[in-house]
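Structural characterization, general
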Amino acid sequence: MAKKAKSQSKPSQTTSTTTASSAATHAGMVPAEDPTQLEYFFKSILLAVTLSIASLATQLALRPLYGVVPTSINHDKVRAFGCFISTLLPFESGGMSDQTAFIAIATLLAYAPYATYGIGAWSAKWKNAVMGATVAEAVVLVPVLAIGAGLLRRWIGCIDQTKSLTLLPGPWSATAFIAIGSITFFTITERWLWGHLPLGGNITSTTIFLTVAGGLTTCSVLFSTPVAPPKVHSGSKSLSSSLQLSYARFLPLCLPLIAGLSAIYQPPSHSPPLPYIRGSGSSLASDISTTPGTVRVLARTHSVTGLVLVGEHVEEKFRFLRVDHSLLGGRWILDKIAPGTRDNIGDSIYSTFVLQEAVRLAKRETENGTKERALFIGLGVGVAPESFISRGINTTVVEIDPAVYKYAREYFSLPEPQAVYLEDAREWVHEHAPLVEDEKYDYVVHDCFSGGGVPEHIFTFEFWEELKGVVKNDGIIAVNFAGRLASNPARAIFLTLQKSFGQCRAFHDHFEAAFDDSYSFFNIVFFCTPFSQTAPTFRNATTNDFRGSYLRGHVLSGLARRELEPSHLLGLDKEPELLADGDEQWILRDKLNRLSEWEAADAVEHWGIMRQVLPDVFWETY
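Only a predicted model underlies this, so the values are computations on that prediction, with no experimental measurement involved. (Residues numbered from 1 in each chain as written. Predicted model: local features only at pLDDT ≥ 70, side-chain atom pairs only at ≥ 80, totals over all residues. Heavy atoms only, no water.)

Thoughts on the overall build of the protein chain
The helix and strand inventory of the protein chain stands at 23 helices and 16 strands. Sorting the 622 residues of the protein chain into buried and exposed places 51% on the buried side. Sequence separation of 24 or more characterises 73% of the internal contacts of the protein chain that already satisfy a separation of 6 or more. When the accessible surface of the protein chain is summed, it comes to about 28,800 Å², and 59% of that surface belongs to carbon and sulfur atoms. (Helix = DSSP H or I, 4+ residues; strand = E, 2+ residues; numbered from the N terminus. Buried < 20%, exposed > 50% of the residue type's maximum accessible area, 1.4 Å probe, protein only. Contact = heavy atoms within 4.5 Å. Areas by Shrake-Rupley, 256 points an atom, 1.4 Å probe, with all protein chains shown as cover.)

Regarding the pairing of strand S15 (residues 522–528)
Counted residue by residue, S15 has 7 buried out of 7 residues, so it is predominantly covered. Going residue by residue along S15, you find Phe522, Ile524, Phe526 and Cys528 tucked away on one face and Asn523, Val525 and Phe527 tucked away on the opposite face as well. Bridge count between strand S13 (residues 471–483) and S15: 7 bridges; the pairing is antiparallel. Residue pairing across strands places Ala478 opposite Phe527, the latter belonging to S15. The sheet contact formed by strand S14 (residues 504–508) and S15 spans 5 bridges and is antiparallel. Each bridged residue has a counterpart across the sheet, and for Phe507 the counterpart in S15 is Val525. (Pairing = 2+ DSSP bridges.)

Describing the side chain of Lys440
One can find Lys440 in the loop between helix H15 (425–432) and strand S12 (441–446). Not counting chain neighbours up to four residues away, the residues in contact with Lys440 comprise Arg373, Leu435, Gly469, Val470, Val471 and Lys472.

Structural notes on the state of the cysteines
Scanning the entire structure with this criterion turns up 1 disulfide. For Cys504, the disulfide goes to Cys528, at an S-S distance of 2.1 Å. The chirality of the disulfide connecting Cys504 with Cys528 is right-handed, given an S-S dihedral of about 115°. You can see Cys504 sitting in strand S14 and its partner Cys528 sitting in strand S15, a full 24 residues away along the chain. By relative accessible area, which is 0% here, Cys528 ends up buried. (Disulfide = S-S within 2.5 Å.)

Considerations on the packing of helix H6 (residues 98–124) against helix H9 (residues 205–222)
At a minimum axis distance of 8 Å, the contact between H6 and H9 shows a crossing angle of 165°. In terms of orientation, H6 lies roughly antiparallel with respect to H9. Between H6 and H9 lies a crossing whose hand is left-handed. Taken together, the residues of H9 that come into contact with H6 (itself represented by Gln99, Phe102, Ile103, Ile105, Ala106, Leu109, Ala110, Ala112, Pro113 and Thr116) are Thr206, Phe209, Leu210, Val212, Ala213, Leu216, Thr217, Cys219 and Ser220. (Axes fitted to C-alpha atoms, helices over the stretch in contact; angles between N-to-C directions. Parallel < 35°, antiparallel > 145°, perpendicular 65-115°, else oblique. Left-handed = near helix turned anticlockwise from the far one by under 90°.)

Observations concerning the environment of His270
Counting through the fold element by element, His270 comes out in the loop between helix H11 (254–264) and strand S3 (276–279). Note on His270: relative accessible area 43%, which makes it partly exposed. His270 sits 156 residues away from Tyr114 along the chain, and the two C-alpha atoms are 9.7 Å apart. Ignoring anything within four residues of it in the chain, the contact list for His270 reads Ile264 and Tyr265.

As for unusual backbone geometry
Along the chain, Leu274 connects to Pro275 via a cis peptide bond; the corresponding omega equals -10°. With respect to the helices, strands and loops of the structure, Pro275 is situated in the loop between H11 and S3. Cis rather than trans, the peptide bond between Ala433 and Pro434 has omega equal to -5°. By the element assignment, Pro434 lies in the loop between H15 and S12. A positive phi angle, near 65°, is found at Lys127, a position not held by glycine. Looking at the element boundaries, Lys127 is found in the loop between H6 and helix H7 (129–159). The backbone of Asp324 shows a phi angle near 50°, a positive value even though the residue is not glycine. Position of Asp324 relative to the elements: it lies in the loop between strand S6 (318–323) and strand S7 (326–333). What makes Asp324 buried here is its relative accessible area of 7%.

Here we look at helix H22 (residues 600–613)
Compared with an ideal rise of 1.5 Å per residue, which puts 14 residues at 20 Å, H22 spans 20 Å between its outermost C-alpha atoms and is within 8% of the ideal. Within the span of H22, buried status applies to Asp602, Ala603, His606, Trp607, Met610 and Arg611. (Expected span 1.5 Å × (residues − 1).)

Overview of the packing of aromatic side chains
Taken as a whole and judged by the stated rule, the model has 21 aromatic pairs. Among the aromatic residues, those joined into a cluster by ring pairs are Phe318, Phe320, Trp332 and Phe618. (Phe/Tyr/Trp six-rings, centres within 6.5 Å; stacked < 30°, edge-to-face > 60°.)

Some details on the sheet that holds S3
Taking strand neighbours across the sheet as the criterion, the 6 strands line up as S3-S4-S5-S6-S7-S8 in an open arrangement whose pairing is antiparallel. Unpaired on one side and paired on the other, S3 and strand S8 (345–348) mark the two borders of the sheet. The average angle at which neighbouring strand axes cross in this sheet is 35°, direction not considered. Note that strand S5 (residues 306–313) and S6 share 6 bridges and pair antiparallel. From the neighbouring strand, Glu312 faces S6, where its bridge partner is Arg319.

Describing a nonpolar patch on the surface
A cluster of nonpolar side chains, namely Leu38, Phe41 and Ile45, defines an oily patch on the protein surface of about 320 Å² accessible area. Here Leu38 lies in helix H3 (residues 37–66). (Patch = residues over 30% accessible without salt bridge, like charges linked within 9 Å, V, L, I, M, F, W, Y side chains within 5 Å. Salt bridge = Lys/Arg side-chain N within 4 Å of Asp/Glu carboxyl O.)

A look at the nonpolar core
Among the nonpolar cores identified, the biggest contains 49 residues, and Phe459, Leu467, Leu497, Ile524 and Phe526 are the most heavily contacted of them. Here the element with the most residues in this core is helix H17 (residues 488–501); it accounts for 7 residues. Ignoring sequence-local partners within four residues, the contact set of Phe459 consists of His446, Val454, Trp464, Val479, Asn480, Ile493, Thr496, Leu588 and Leu595. In terms of nonpolar packing, the next biggest core, distinct from the first, is built from 42 residues, Ala48, Ile183, Val212 and Leu216 among them. (Core = buried A, V, L, I, M, F, W, Y, C linked by side-chain atoms within 4.5 Å.)

A few points about empty space enclosed by the protein
One pass over the structure, following the stated rule, counts 2 cavities of 30 Å³ or more. Considered as a void within the structure, the largest cavity measures approximately 60 Å³ in volume. Lining the largest cavity, in full, are Phe353, Gln356, Phe376, Gly378, Leu379, Gly382, Val383, Ala384, Pro385, Val445 and Asp447. Per-element tally for the lining of the largest cavity: the top contributor is helix H13 (residues 383–390), with 3 residues. The residue makeup of the lining of the largest cavity, split by class, is 7 nonpolar, 3 polar and 1 charged. (1 Å grid on protein atoms, 1.4 Å probe; cavity = no way out; pocket = protein on both sides within 12 Å on 5 of 7 lines; lining within 4 Å. Points joined across faces, edges and corners; volume = space filled by probe spheres on them. Nonpolar A, V, L, I, M, F, W, Y, C, P; charged D, E, K, R; others polar.)

With respect to the sheet that holds strand S11 (residues 419–421)
Strands belonging to one sheet form pairs held by backbone hydrogen bonds; the direction of such a pair is parallel or antiparallel. Strand order in this open sheet of 8 strands is S11-S10-S9-S12-S13-S15-S14-S16, and the pairing throughout is mixed. Edge strands, defined here as strands with exactly one partner in the open sheet, are S11 and strand S16 (563–564). Pairing between strand S9 (residues 373–377) and strand S10 (residues 394–398): 5 bridges, direction parallel. Note that in S10 the partner of Leu375 across the bridge is Thr396. Along the sheet face, H15 touches S9, S10, S11 and S12 and points at about 125° away from the line of S10.

See the structure below:
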């Protein structure tokens, strides 16, 4: 009796397999072999990489609405939340089949281009960048990760045939271990993808979402069925049941297709032919915003730095260049320009680009009569480069984004510079420094601010030291920074410049020359000279320096009153003991650079300022 009982209780695991096989055989199906451990491992890696790509695409899709920093602040938390939600789904005990899981994820991702845009635009109206981005990302990404991580948990359980994970203490230990492992894998993979995926052009968040959805739909056919194709028996009844079974299997594959087609005919994937308008002046009732304002979109593309768009404010009459949720600059148009202006493009809408031209006013130790040379690191709409080129100064532009250069030439009246390098400035300086004396530059203008932050690798002490190799001994360097006084980024950039160049001076870009502490966020231009023991000094501006521009006359003639005291800039007037232990903690170095971390708060504030500069409809239109 004992032996008989033992033999009856042993094959419990194979019973379900036998039952499934007999059911499949009865339905006219031929049983297929169960996937091997290697197949489960391959499927797990493939799905994990796919989910990492989807996570990246969600961030990428929200950047035009929120910028880089607000979308990334809680990104890791949203991703972790999705993985831990998966622990509540009953994947080990059956629940959702592999095919159903694949189809569900594919459908969600196929609709994600429009869902991300719609929810993101709605939540942005709360005027809280971090909360809005977090909610939009969570609604789109958490269901995808919850289902995907649950499927991974099931497959890893199939790989772990020795049941070593069950030896962990507590009933939830194995599940939590797999969830934490999934989070770690997603984090590492996503960071690698950001550095190696060639974003821009045809590789956008929309194409990523749709490609991943298509791949998962294909995988639902290839990977998820445990039985082979049906045998066709004679007799109408057997044939009819086989066809019904085939329809039942493949009908769900239509869901991702329907979702994808719906998404690509909605914004931001679909837009009218260029140029087109949106806002209160649009003929479409659905485009009328609660905030007055009409935007005319002239050109747009996805490029290496994000969404690049040229638009016009119809009511205020200025043209602007936008990258994601940041303005790179703009110029007045139509009746807000002086008569006879070339290409009907007027003054800059921002005074900081004119303030940068003060490098020409710096007093130099030598005047050798040779043609002056200027280097611009970062282009924007090209206000200062255009001024230098028109004066006959040999001008070189280093700009990382080809679309920015293209649009500056086509829409903002930038003449062709003597040399253009479309690459990262750090790589360019490293490749060209040191230059021979005759090829060195008299002026260097460094302006690389975008979206509430700066590329930290071109603000380090090592970068400035290498930059000296392309500047003449009495040359002048202007560095633009946007942020707040007495903030960690302002201290770090100023003190790092001081350490490298010795003496620097700082000037603000407020329209009124007298500084007003009520303005918390503004542009500061630092002027330094590489090999002088004294800070730069400036001559008085003349009519010739203004070139018929009211803005140039207003800004340059009041240069002396725009200067910021170092103690005020650093916050020493309020915290006199700030540098009691030295300034090394503020020096930005390649091996220790906290600039991006410190700029997070400024980036969030910058988002709010941009929403005040332009109505919501301007940021929602792309």
